[in-house]
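Below are the chains, spelled out letter by letter.
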Amino acid sequence: MADEVTDLLKKAYQDELETVMNYLSNSIVLDGVHAEEVKESLQEDIQEELGHAEMIGNRLKQLDAHPPGSAEFEANQMDLQPPEDSTDVVSVIEGVLSAEEDAIETYRNLVHLAEEADDPVTEDLAVTILADEEAHRTEFRGFNKEYPRD
Ligand SMILES: [Fe+2]
Ligand SMILES: [Fe+2]
């Protein structure tokens, strides 16, 4: 049970770093008058996602495990690759929504697993991060509604 918690923490740690990588690339790549708000929002979220990775890494250490390095890295966010067309902001918004949905699912699972493992500190961490991910989703749902499509 405790092993399942550390395994999921390691997965969450890698997902956060993949999110940082893709939000960073997309925040640099996008062009166009309507892209600015989305780029600024991505820049803010990069710092939050990095903060999540740091919190999770520290929790792993407290559990006598350790955060993985890049050799164990496996890429999953195919929906969030920077678009060929740098004005295709909609594809980035949709990619972000899918990454945030994945993160929400991961942290909901972590809340349940940690509860079953009688690990209230990890459970509390998962609830805190879950709230941030839901806020990110709300922000990008807003962009999704407002963004002009032609
Ligand atoms: Fe995150
Ligand atoms: Fe997020």
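It should be noted that the structure appears before, not after, this text.
The text that follows walks through the structure, step by step, so that each part is easy to find. All of these numbers come straight from a predicted model, not from anything done at the bench. (Residues numbered from 1 in each chain as written. Chains lettered and ligands numbered in written order. Predicted model: local features only at pLDDT ≥ 70, side-chain atom pairs only at ≥ 80, totals over all residues.)

Another aspect to go through is the overall build of the protein. Helix and strand content of the protein: 4 helices and 0 strands. Starting at the N terminus, the α and β elements of the protein follow one another as α-α-α-α. At 16 Å, the protein has a C-alpha radius of gyration in line with the 15 Å of a compact globule built from 150 residues. Each principal axis of the C-alpha distribution contributes one length, and for the protein these read about 50 × 30 × 20 Å. Going through the 150 residues of the protein one by one, you find that 29% of them count as buried. Here the analysis covers contacts within the protein between residues at least 6 apart in sequence; of these, 73% occur between residues at least 24 apart. (Helix = DSSP H or I, 4+ residues; strand = E, 2+ residues; numbered from the N terminus. Rg over C-alpha atoms; globule rule 2.2 N^0.38 Å. Buried ≥ 20, exposed ≤ 12 C-beta atoms within 10 Å, placed from the backbone. Contact = placed C-beta atoms within 7 Å.)

The terminal C-alpha atoms of helix α4 (residues 120–146), which comprises 27 residues, lie 39 Å apart, in line with the 39 Å expected from a rise of 1.5 Å per residue. The complete set of buried residues in α4 reads Thr122, Leu125, Ala126, Ile129, Glu133, His136 and Phe140. As for α4, its buried residues are in contact with α1 (2–29), α2 (35–62) and α3 (89–116). (Expected span 1.5 Å × (residues − 1).)

With that settled, consider the packing of α3 against α4. It is at 8 Å that the axes of α3 and α4 come closest, and there the two elements cross at 160°. Classed by the angle they form, the pair α3 and α4 counts as roughly antiparallel. Where α3 crosses over α4, the handedness of that crossing is left-handed. Looking at the contact of α3 with α4 residue by residue, the class counts come to 15 nonpolar, 3 polar and 9 charged. (Axes fitted to C-alpha atoms, helices over the stretch in contact; angles between N-to-C directions. Parallel < 35°, antiparallel > 145°, perpendicular 65-115°, else oblique. Left-handed = near helix turned anticlockwise from the far one by under 90°. Nonpolar A, V, L, I, M, F, W, Y, C, P; charged D, E, K, R; others polar.)

Next up on the list: unusual backbone geometry. Even without being glycine, aspartate 64 reaches a positive phi, approximately 70°. Tracing the backbone shows aspartate 64 in the loop between α2 and α3. Even without being glycine, aspartate 118 reaches a positive phi, approximately 55°. For aspartate 118, the location among the structural elements is in the loop between α3 and α4.

So, on to the environment of alanine 114. In this structure, alanine 114 sits in helix α3. Ignoring any residue separated from it by four or fewer positions in sequence, one finds alanine 114 in contact with Val5, Asp119, Thr122, Glu123 and Ala126.

The next point concerns α1. In this model α1 runs 41 Å from its N-terminal to its C-terminal C-alpha over 28 residues, within 8% of the 40 Å that 1.5 Å per residue would give. Here α1 has its buried residues at Val5, Leu9, Ala12, Tyr13, Asp15, Glu16, Leu17, Thr19, Asn22, Tyr23, Asn26 and Ser27. Those residues of α1 that are buried lie in contact with α2, α3 and α4.

For isoleucine 28, the location among the structural elements is in helix α1. Isoleucine 28 gets classed as exposed once you count the C-beta atoms within 10 Å, which come to 12. A sequence separation of 54 residues divides isoleucine 28 from proline 82, and the C-alpha atoms of the two residues are 9.3 Å apart.

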